[in-house]
Amino acid sequence: MAGIDITALSTVYPNGVRAVDDLDLHIADGEFFALLGPSGCGKTTLLRTIAGLEQSNAGTITIGANEVTAVDPGKRGVAMVFQDYALLPHMTVAENIGYPLRVRGQSKAAQREIAESTSAGLSLAGLLERRPAQLSGGQQQRVALARAIAMGAEVLLLDEPLSNLDARLRLEARTFLKRLQRELGITTVFVTHDQAEALALADRIAVMESGRIRQLGSPREVFQRPASVFVANFIGSTPMNLLDAVVVEDEVEVADARLGRPLGLAVSDGDKVTAGIRPEYLRLAPRGTAGGISGVVSTVENLGVSSLVSLECAGGVLVGVTVPEQDEPPIGSTVTAVPEPGRLLLFDAEGSLLSPEPVPA
Amino acid sequence: MAGIDITALSTVYPNGVRAVDDLDLHIADGEFFALLGPSGCGKTTLLRTIAGLEQSNAGTITIGANEVTAVDPGKRGVAMVFQDYALLPHMTVAENIGYPLRVRGQSKAAQREIAESTSAGLSLAGLLERRPAQLSGGQQQRVALARAIAMGAEVLLLDEPLSNLDARLRLEARTFLKRLQRELGITTVFVTHDQAEALALADRIAVMESGRIRQLGSPREVFQRPASVFVANFIGSTPMNLLDAVVVEDEVEVADARLGRPLGLAVSDGDKVTAGIRPEYLRLAPRGTAGGISGVVSTVENLGVSSLVSLECAGGVLVGVTVPEQDEPPIGSTVTAVPEPGRLLLFDAEGSLLSPEPVPA
Amino acid sequence: GCLGSPQQTDTARNADAKELTLTITGNSVVGGKNAARAAWVTDWVIPKFVEAQKAKGVTATVKFEGSGAGDEDYKTKVALDLKTGGGADVLTIDGIWVGEFAEAGQLKPLDELLGKSQVDAWEGWAQIPKSVQGLGSFGDRRYGIPDGTDGRVLFFNKKLFAQAGLPSDWQPKSWTDILDAAAGLKKLPGVTPLQVNAGTAMGEATTMQGVLPMLASAGKPLYRDGKWQAGPALGEVLEFYAKVYREGLGDPLTQQEAKGRDKSFAQFAEGRLGIMIESDYLWRGVVEPTRGVAKMADRDQVVGWAKIPARQPGVGGRDFVSMSGGAVNVVNPATKYPRQAWELLQFMNSAESIKARMGGGAQVTARADVNDQVLAGDPMLSYVAREVLPVTQYRPPVAGYPRVSAALQQATADVIAGRSVPEALSNYRAALSKIVGESNVDAG
Amino acid sequence: MSVQYLLRRIGFYTLIAAVLFFFAVPMLWLASAPFDAKPGLGLRWPEWTLDNVGKTLEHPYALTSLLNSLLLCGIATIVTTVCAALAAYALSRVRIPGRDLLLYLLLLLSSVVTGTAAMVPIFVMMFQLGLINSQYGTALVIAGGMLPAAIFILKDFMDSVPRSYEESARVFGASPGQVLRHVVLPVARPGIATILVWAFVNAWGNFLLPFLLLREVETQPAAVLLRTLQDEGGSANLTVIPVFSLLYSIPVVLLYLIVSKRYGFRFHGGIKS
Amino acid sequence: MSTPVDLTPAAESTVDTPSRRGRIADVAGLGVGRAVAFVLPALALIALFLVFPALWTLYIGITDYQLTGPAAANPQVIGIGNFLTALGDTLFRNSLWLTVLFVLGSAVIGQNLLGFGLAWLLRGARPWLRRLTESLVLLAWILPSTVVAFLWFAVLDRDGGTLNLLLGTEGTAWLVRYPLISIILFNIWRGTAFSMLLYSSALAAVPPSQLETAKLVGASGWQTVRDVVFPHIRGHVLTNTLLISLWTANDFTPFLLTAGGPNHASETLPVFIYRQALEGGQLGYASAISLLLLVANLVVAGLYLRLLRRRS
Ligand SMILES: Nc1ncnc2c1ncn2[C@@H]1O[C@H](COP(=O)(O)OP(=O)(O)OP(=O)(O)O)[C@@H](O)[C@H]1O
Ligand SMILES: Nc1ncnc2c1ncn2[C@@H]1O[C@H](COP(=O)(O)OP(=O)(O)OP(=O)(O)O)[C@@H](O)[C@H]1O
Ligand SMILES: [Mg+2]
Ligand SMILES: [Mg+2]
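Values in this document were obtained by computation on a predicted structure and should not be read as measured data.

A.B. asks: Would you mind showing me how to read the overall build of chain D here?
C.D. replies: Broken down by element type, chain D carries 13 helices and 0 strands. Beginning at the N terminus, the succession of helices and strands in chain D can be written as α-α-α-α-α-α-α-α-α-α-α-α-α. Considering only C-alpha atoms, chain D reaches an extent of 75 × 65 × 35 Å along its principal axes. Long-range pairs, those at least 24 residues apart, make up 73% of the contacts in chain D with a sequence separation of at least 6. Put simply, chain D shows about 9,800 Å² of open surface, and 68% of that area lies on carbon and sulfur atoms.

A.B. asks: How should I be thinking about the domain arrangement of chain D in this particular structure?
C.D. replies: A common way to report how large an interface is uses the accessible area buried once the components associate. Residue and element names in this part refer to chain D. Per the domain assignment, the segments making up chain D are domain 1 (3-49) and domain 2 (55-262). The straight-line distance from the C-alpha centre of domain 1 to that of domain 2 is 31 Å. On the side of domain 2, 8 residues touch domain 1, which itself brings 8 residues to the contact. Taking both partners together, domain 1 and domain 2 bury about 610 Å²; carbon and sulfur atoms supply 85% of that area. On the domain 1 side of the interface with domain 2, the three residues burying the most area are Leu30, Pro34 and Pro39, jointly 64% of the side's total. Taken together, the connections running from domain 1 to domain 2 amount to 0 salt bridges. On inspection of domain 1 and its partner domain 2, the count reaches 0 residue pairs in polar contact (both at pLDDT 80 or more).

A.B. asks: It is not clear to me how the UniProt feature "domain: ABC transporter" (unreviewed entry) in chain A should be interpreted in this structure. Could you clarify?
C.D. replies: Per the UniProt entry, the sites bearing "domain: ABC transporter" (unreviewed entry) are residues 4-235 of chain A in this numbering. Its end C-alpha atoms 25 Å apart, residues 4-235 of chain A is made of 37% helix and 25% strand.

A.B. asks: What's the story with the site of ligand 2 in this structure? I'm lost.
C.D. replies: All names here are of chain B. Taken together, 13 residues surround ligand 2, and among them Ser39, Gly40, Lys43, Thr44 and Thr45 come closest. Tyr13 has a polar side-chain atom sitting 3.4 Å from a nitrogen atom of ligand 2. Between ligand 2 and Asn15, the relevant distance is 3.3 Å, taken from a nitrogen atom to a side-chain nitrogen or oxygen of the residue. Contact with the protein chains covers 63% of the free accessible surface of ligand 2, which is 630 Å². The biggest single contributor to the shell around ligand 2 is helix α1 (residues 43-51), with 3 residues. For the shell around ligand 2, the per-class residue count stands at 5 nonpolar, 6 polar and 2 charged.

A.B. asks: Quick question: what am I supposed to make of the site of ligand 1 here?
C.D. replies: All names here are of chain A. The environment of ligand 1 is made up of 14 residues, and the closest members are Ser39, Gly40, Lys43, Thr44 and Thr45. Separating an oxygen atom of ligand 1 from a backbone N or O atom of Cys41 is a distance of 3.2 Å. At 3.0 Å from an oxygen atom of ligand 1 is found a main-chain nitrogen or oxygen belonging to Gly42. For ligand 1, whose free accessible area comes to 630 Å², the fraction covered by protein is 63%.

A.B. asks: What is the right way to read the UniProt feature "transmembrane region" (unreviewed entry) in chain D from this model?
C.D. replies: All names here are of chain D. Per the UniProt entry, the sites bearing "transmembrane region" (unreviewed entry) are residues 12-31, 66-89, 101-124, 136-154, 191-214 and 234-259 in this numbering. Helix makes up 83% of residues 101-124 and strand 0%. Its end C-alpha atoms lie 30 Å apart. Strand forms 0% of residues 191-214 and helix 88%; the C-alpha atoms that close the span are 32 Å apart.

Rules behind the numbers
Residues numbered from 1 in each chain as written. Chains lettered and ligands numbered in written order. Predicted model: local features only at pLDDT ≥ 70, side-chain atom pairs only at ≥ 80, totals over all residues. Heavy atoms only, no water. Helix = DSSP H or I, 4+ residues; strand = E, 2+ residues; numbered from the N terminus. Contact = heavy atoms within 4.5 Å. Areas by Shrake-Rupley, 256 points an atom, 1.4 Å probe, with all protein chains shown as cover. Domains from an automatic or database assignment. Buried area = accessible area lost by both parts, 1.4 Å probe. Salt bridge = Lys/Arg side-chain N within 4 Å of Asp/Glu carboxyl O. Polar contact = N/O pair within 3.5 Å; in protein donor to acceptor, adjacent residues only side chain to side chain. UniProt positions renumbered as here; feature names shortened; annotations may be inferred. Near = heavy atom within 4 Å. Nonpolar A, V, L, I, M, F, W, Y, C, P; charged D, E, K, R; others polar.

What follows is the structure, given as structure tokens:
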């Protein structure tokens, strides 16, 4: 097992796209690390550069004690699971899992043995003679994992390993993956564009945009105190409300309403800021409650035990509020949403978070 | 606008697969209706049979006042959006949107006009001259919708319209789609395998399995009172806990614990049943609280404002509990999960829901 | 049936038509092969003939369908035409094909087609030597009018001869004389002494410019009284080949190249080839100083010629030998206007017409009266007419010939490829008996 | 960049250079001989001149034969492409048991017909049909010989066109003809373009059929003329051949360039195994 | 409906009408009628100009038909006589063997490998390099065969041929000394384009992730091709090999270069047939050989099918 050290790494594609841009990152030994970001931000490129599948243009990569920047992919001690699993369709499950050994010229018996030992822990035992096409998506994913493990690598790289599963399987596979990583303790880097996945699985998350890391932190940190509008927008299973606001003394004015604001910030009266509040941190209160925003209920989306209510407020501003199932307001009614204390965030004109003090967890 | 009436419909593929099996269904005029089910359950086939792309073997389909069972797809008054959008790659966005009019021999001016008017509401105005390959997934989806709307059909069929979008876009597109349907008031049938999508969007949901409808109802009904283990398993963004249980008087015994059970059911002491409880309806209580299940915390997945805690209980039974972010127990600690009153469901040996009385909403 | 032959004919059909269309075809084309001939047909024969007909009150339309393909391709085309009853009314074909077409019923004797009196009435027969008439005959019946012929001689390069100390008025009397001269030339660097066409790549040229003259020289004809030669005489010919090509007197590679013959022309023109057996066509068509393929500005000074000697003087009753071929004009049996086609044929072969064909140049024609006039200025061609035609022979005009010819080519190919002469000979015999039947092989 | 990487690059470029060399060298003749005062069969640095071009253009049939070729091959190509596209589309969409085998058998038969042995049946048939000397008739025969391969290749291509395109058009009410015109043909355009070029190239080089079936030099295509470009005596006419070869090659190259630029040039394929 | 036989509306409402399915069995909504109409023009042309003459040719193959001479006037059906003759004909056996070598060397091995190699190498190459190479290779393919024959004369010519200039082997007559190798090289040059194009599109269908997996586990180039690429393009290999074998086996262009020589050393079957038919006028025999060539092609196709389909 080994940690990963990346310094000043840049990867530029021949067409001039700087997909990874002067990036520094340390991933600890045994950590489950997520790379999160919108499509095209360079997640896959970073992962592939670590694997050696893309050649970096500058910077160094160290895995464990070895600098591997110019080492062949096969010799870096990394294993990778691709989004489509890349199982070889003409080989059985056992042959697929044993393939890394076959390439190294090891005996058929050794290949078989590793297939059996690896598959046991992944509940694949009964499937060894099947071909990938005869497996469900979740099983295929596990075979790909088994093959990666069979490689005996120190670092496991996963490129959107869940995105090819259907919604239900994805949830199950998530829990499974988390447990597996815990058990193996293998350093794992995991690419996703699904914030829910990143939050659920990772020890730490790097949120990327345009080849750079915008925020690095634990899921909780990233969720509660996004460093910028960009991150705020990206994290959360319902999008954060980001509203144009003006600072007025100890409050901010948002869509004709005044909300209490965090104090101790470097803002002054009349400053234009962005007020951010998650739908989950808004409570519905009777119409006209002070310190809340009023609006007309336009749509209600059922989220299971809760619902996402969209309010159309003054000036056409849309505000989302998550309410427990029993509190769903009727469409067309006017209600007021009040932020929970300490949950309102302010972002400056450039979109950076304005609160200097961490909110106690 | 028109409702859809389906009676005794069967569609059998030449290879003998009964993809739709003697199915009855009424979809009301203006309804937003979701077909939900696991892969291969026949959702797409049902949708295609409604569209006329598959020929049914038995039964009738009526759209509005017309029986259309044997009518050509183009003459049924239905519009369809395919999963891959099926935008014609050699036509511009405007040409794609105007295509239904071109087929009917209308003038180029008319085609252009509809393209412009339809695209305005879908924020596609600036993209009319692009080709599909130059659009993002979300934009493509909107073009496909615009084209379907341009047809002026009475019924809109959507086959997994969101599944090609990335996680973030999917959430945005969801809200967008919901508003659009509200505004147009067009009868819409929507296929998905993502329960969250179905819950969020639909007025009513049909949960399908093996070509048949297993449950039909509002999102709330389906979420709170799944008609069977199958549906229970399928619905909910965290999987419902489904635990082997034995009826003991007014309680059930589950993994060495006793939980209060719904009364008035046709069960007797010693009956083996399945006890179902959603993680959201379990609360953590101090260790050993009566009427709860105790277990060791094995993983914690961050869900944003809440976390999913997996407990390993007696006999290796895994129980998921959703807790608010601030209540997350440490991994390895032993805690007890107590069901909220009235939320425990029992299913018989065949997997059917056992509660006769609806729980008040 | 579907492989059947053309319909019956009636000698006098449409004899008094006032309007008619006739088509002439030949393996010649403007701007290509035998271009002069094509030009003559289009620019001289057709207008003059149309004019003559008009004088008789007949409106004639005459067309020329040229072709410039390989001989085999052209023959196939003609065969297909004749077989289906289509094609041109007057055709110019190689004399050697007459027999095959006749045997296939694709050509009819002129007498049968036109009536004997009509045919015999032509003045031209008197001008064409009997031997040359044979070119258009088969089984002693006339099928067409030969319109020209040629003769094969040994051409040699006087410059090279001078360098090798050989006489410029060289006339070998035997094969030994030829080989001696070649051996002399061998000393000159970069010079191939002798070419006697051989191998399969040269096709019919191997037979015409190689095996057949040598066989005649060895004293035996290829075909006599239904029997085909496969005896010791042929063995001697093959021995001769072996000597030439194995002792470095000839260049076996050139013989095997697809374009070997063209190449040998170029070599001769460039003074890199000493002696070659060729038709007079080499003189008037290849090394001709103005229009030739491989022009030799100093042709008249450098190129010498000599008759092909018998193996030994007197062998087979001769001292010198040659082979000849030539074109024949025939009437398509399926023509709608046999009488008029015959008129056209006669017209084409009138003395005036043939003279027009010569244009400024010269060529050995079938007509003695024309030859007397046109060859006078050309020492080489008048030599052919004077010295060679009297001793020349023609190929057997029978259907089996092309395949026998191929077998002969194969035999020479075997020899230059290194097979022993007896082996090549016995292979040839085997092939021959397959083609013509065991009983028709003369192995004596 | 590691040493290994460098070595690999060097190896790659050496290999590509060798391949380029292999393919380019024979073509040098076409660039030099036409402009050489003394063109030969071998390659040499030419004595530059344009005389040969003049001589070629003076040739009575050089230009007409190229026009004939355009007509003949144009018809054959269009017939082949249109018929093959329609047939391939239908075969790709409607299941007929054993169609692959049938296509392959036709492919084999086509090799018989394009060979020399079939010339008698073809000639006699065309004679009976009164199509001797007809450029249209000849074009049809050529097309007939090319069709099986064209269908074979195009069907694979059609198989790869996503069906949802056609289905969506049908839902919008398009008739099968409209589906074909609006959807299938445009989407399959690269494949059709490829077949177009392929058919044209094949027809362009066909010698035997036009030679046998077209009797008048005025109607014969360039393929026949080039084979008969001989001088007076029957040897290759080297003043005209190189230039004519060049002229004769230009249309196919142009067609390829245009088509590949506009539609791309590629094959699909792979018998589903 | 008061008519005694009441069929029409009832049929419409029966519970199970398999006939409905027959109406639209295809996504295009063509229906059987239109499908037939679409296939018909091609089928008509093929039937008239291909199947009919081809069958006729095969019929001629059992006669002793000749172009000229007595057998032209009165051809006889001689059954399998021609085939027996062929089997005993050393020249035919020679041609058959040469054809096998020619097809194996130039198509199955040469074009296949070079085409695949080029497609493989050019995958990641710079676009301009890719375009340049592809254009050159394609040019060799689209140039008319007569022209191409001249080009190769210039390469292989004995005096002044490019190859001799390059190698300094003045005076080597490649076409005479190494005829088979020459035409094999020639045919590789001429025909590689098709394989290259086909394999290019085939390779595009190999999931890059599988190639990269191979890279990550440290597989060599050959291991990657064997384990990852080949299984995916098996079908393409089959199509390609079938087509190029067929085309090569029927290719007449070598005749233009060597005329079958020297001494039959490059006389492949099409050349043999040509010589029998045109130079010998032996149409019956030539037709019979055509049939044999067809059968040989069929056998070879069957062999490929077995070899390449075995594992799936
Ligand atoms: N092979 C390539 N050549 C050129 N540009 C590329 C290549 N691959 C990716 N890019 C560009 O590099 C940038 C980063 O791409 P990358 O695939 O790393 O994004 P990503 O974050 O993985 O996105 P996604 O979520 O869509 O997979 C994008 O702008 C993309 O267009
Ligand atoms: N064209 C076809 N021919 C034969 N069987 C088919 C065909 N299409 C689908 N099936 C079968 O019919 C059943 C239902 O397929 P269908 O595509 O309707 O499922 P689905 O619910 O849409 O699944 P998914 O979520 O994977 O799209 C499956 O068992 C499938 O294998
Ligand atoms: Mg990616
Ligand atoms: Mg589906």
